[in-house]
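If you want the building blocks of each chain, they are given just below.
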Amino acid sequence: MARVDAIVDLERLDFGYREGGFRFRIPSLAIARRSAVAVIGPSGVGKTTLLHLIAGILVPDRGLVRVCGIDVAALGDAARRSFRIEHVGLVFQEFELLDYLSVLDNILLPYRISPALRLDAAVRDRARRIADELGIGDKLGRHPDCLSQGERQRVGICRAVLPGPDILLADEPTGNLDPGTKERVLDTLFAYAARTETTLVTVTHDHALLDRFDRIIDFQDIGAAAAKPGDTGHAPAESAR
């Protein structure tokens, strides 16, 4: 049974990569709607993997992955792709921009690759407005390879939030940024999430940022499960603020 007010509901989750020994298990994990959650822990314990399972990029070997009331793990490839575009915004650490497209076309990319999204003048106007809010409105005609690291990350944020996702998953969104740009990117993510009542789940190594989040999910206790495929696995520790 789905938990009340949970936008993410994981039960008896078991996942491992076929080509390596990585495996982790989460007996139970729920993330409330409209919350801001930080996911922390050492490298290699599954933080990015967790985001990819929530987004339907990966499918667990066993268990339930319910997001926005939908059993994502039960969907086929095409249905998961449609679900992701309609409900999930993804902000990648390495930006994942296409250098042969302009900044504006990178922002509009979800609308060009999904028939579920209709690209019209209103969407273009919204893209320009979001770009202005992020301070890159004057860069829309340029290409990503002409931008700074911070500007490229802001393009990625624009692309992620443009369709109006229910949940925004950000993987180390400030990992490559200088302190000033880091603060601006974080301010933008939190302001957008608060204004639109969007759930924000952020992977970060920067513990100085944790006071800004409502809740922390700490993955330090599942390192053994990641290292040994035969291990029983552990659930991540949690704390709320």
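See the structure above.
Scoring rules and cut-offs
- Sequence order as written defines residue numbering, which begins from 1 separately in each chain.
- Local features in a predicted model are, by the rule used here, given only for residues with pLDDT of at least 70; side-chain atom pairs are given and counted only at 80 or more, and totals for whole chains, interfaces and linings are based on all residues.
- Each side-chain value is derived from all of the structure's non-hydrogen atoms; neither hydrogens nor water enter the calculation.
- Helical segments are the DSSP runs of H or I of at least four residues, strand segments are the runs of E of at least two, and each set is numbered from the N terminus.
- Partly exposed residues are those whose accessible area sits between 20% and 50% of the maximum for their type, while under 20% is buried and over 50% is exposed, using a 1.4 Å probe and protein chains only.
- Whether two residues touch is decided by their heavy atoms; if any such pair falls within 4.5 Å, the residues are in contact.
- With residues, only the protein chains shown are counted as cover, and all accessible areas are computed by Shrake-Rupley using a 1.4 Å probe.
- A helix is expected to span 1.5 Å multiplied by its residue count minus one.
- Throughout, the arc means that of the directions going from the helix axis to the C-beta atoms.
- Polar contact is defined as a pair of N or O atoms within 3.5 Å, subject to the rule that within protein one atom must be able to donate a hydrogen and the other to accept it, and that residues adjacent in sequence are counted only when both atoms are side-chain atoms.
- Only Phe, Tyr and Trp rings take part, Trp by its six-membered ring, and two of them pair if their centres are within 6.5 Å. Stacked means planes under 30 degrees apart, edge-to-face means over 60, and tilted covers everything else.
- Helix axes are fitted only over the stretch in contact, all axes being lines through C-alpha atoms; the angle between N-to-C directions runs from 0 to 180 degrees.
- By the definition adopted for this analysis, an angle is roughly parallel if under 35 degrees, roughly antiparallel if over 145, roughly perpendicular if from 65 to 115, and oblique otherwise.
- Three residue categories are used. Nonpolar comprises Ala, Val, Leu, Ile, Met, Phe, Trp, Tyr, Cys and Pro, charged comprises Asp, Glu, Lys and Arg, and polar comprises the others, including Gly.
- Here, nonpolar core refers to any group of buried Ala, Val, Leu, Ile, Met, Phe, Trp, Tyr and Cys residues whose side-chain atoms link them within 4.5 Å.
- In this description, strands pair whenever DSSP reports at least two bridges between them.

Peer 1: Help me understand the overall build of the protein chain, please; the structure alone is not making it clear to me.
Peer 2: Check the secondary structure of the protein chain and you find eight helices and 10 strands. When the 241 residues of the protein chain are sorted by exposure, 53% land in the buried category. Of all intrachain contacts in the protein chain linking residues separated by at least 6 positions in sequence, the fraction that spans at least 24 positions is 69%. Of the roughly 10900 Å² of accessible surface on the protein chain, 49% is carried by carbon and sulfur atoms.

Peer 1: In this structure, what is going on with helix α5 (residues 121–133)? I would like to understand it.
Peer 2: In an α-helix, one turn spans 3.6 residues; hence positions three or four apart end up facing the same way. With 13 residues, α5 extends 18 Å from end C-alpha to end C-alpha; this agrees with the ideal 18 Å at 1.5 Å per step. Within the span of α5, buried status applies to Val123, Ala127, Ile130 and Ala131. One face of α5 carries all of its buried residues, which in axial projection span an arc of 100°. Opposite its buried face, α5 presents the exposed residues Ala121 and Asp132, each directed more than 90 degrees away. Among the structural elements, α3 (103–107), α4 (109–113) and α6 (149–161) are those in contact with the buried residues of α5. Residue Asp120 occupies the N-cap position of α5, its side-chain oxygen lying 3.1 Å from the main-chain nitrogen of Ala122.

Peer 1: How should the packing of aromatic side chains be read in this particular structure?
Peer 2: What characterises a pair of aromatic rings is the spacing of the ring centres plus the angle enclosed by the ring planes. Counting across every chain of the model gives three aromatic pairs. Centroid distance Phe190 to Phe213: 5.1 Å. Interplanar angle 65°. Geometry classified as edge-to-face. Taken together, the residues span a long stretch of sequence, with Phe190 in helix α7 (residues 179–196) and Phe213 in the loop between β8 (199–203) and β9 (215–218) at a distance of 23 residues. Each member of the pair, Phe190 as well as Phe213, is classed as buried.

Peer 1: Would you mind going over the packing of α6 against α7 with me for this structure?
Peer 2: Two measures define how a pair of helices packs: the angle their axes make with one another and the distance between the axes. Taken N-terminus to C-terminus, the directions of α6 and α7 make an angle of 10°; their axes are 10 Å apart at the nearest point. Our classification of the angle between α6 and α7 gives roughly parallel. Touching Gly150, Gln153, Arg154, Ile157 and Val161 of α6 are Thr181, Arg184, Val185, Thr188, Leu189 and Tyr192, all from α7. Considering only residue class, the contact of α6 with α7 consists of five nonpolar, four polar and two charged.

Peer 1: Help me out: how do you make sense of the side chain of Thr204 in this one?
Peer 2: By secondary structure assignment, the location of Thr204 is in the loop between β8 and β9. Residue classification places Thr204 among the buried positions, given a relative accessible area of 3%. Engagement of the side chain of Thr204 in a polar contact is seen with the backbone nitrogen of Asp206, the distance being 3.0 Å. For Thr204, the residues in contact, after removing those within four places along its chain, are Ala38, Val39, Ile40, Glu172, Leu209 and Leu210.

Peer 1: I'm lost on the nonpolar core in this one. Help?
Peer 2: Where a protein is soluble and globular, its nonpolar side chains tend to be buried together. Counting residues in each nonpolar core, the largest one holds 41 residues, and the members touching the most others are Ile107, Val155, Ile157, Cys158, Leu162, Leu168 and Leu189. Counting only elements with at least two residues in this core, the list comes to β3 (36–40), α3, α5, α6, β7 (167–171) and α7. With six residues, the top contributor of residues to this core is α7. Not counting residues within four places of it along the chain, the set of residues in contact with Leu162 comprises Ile107, Leu108, Tyr111, Val123, Arg126, Ala127 and Ile130. If you look at the next biggest cluster of nonpolar residues, it comprises 32 residues, including Phe22, Ile26, Leu90 and Val201.

Peer 1: Help me understand the sheet that holds strand β2 (residues 23–32) in this model?
Peer 2: Strand pairing in a sheet is mediated by backbone hydrogen bonds. Such pairs are either parallel or antiparallel. The strand order across the open sheet formed by four strands is β2-β1-β4-β5, and the pairing between neighbours is antiparallel. Lying at the two open borders of the sheet, with one neighbouring strand each, are β2 and β5 (70–71). Here strand β1 (residues 6–16) runs beside strand β4 (residues 62–67); their pairing, made up of five bridges, is antiparallel. Following the sheet pairing, Asp9 is matched in β4 by Arg66.

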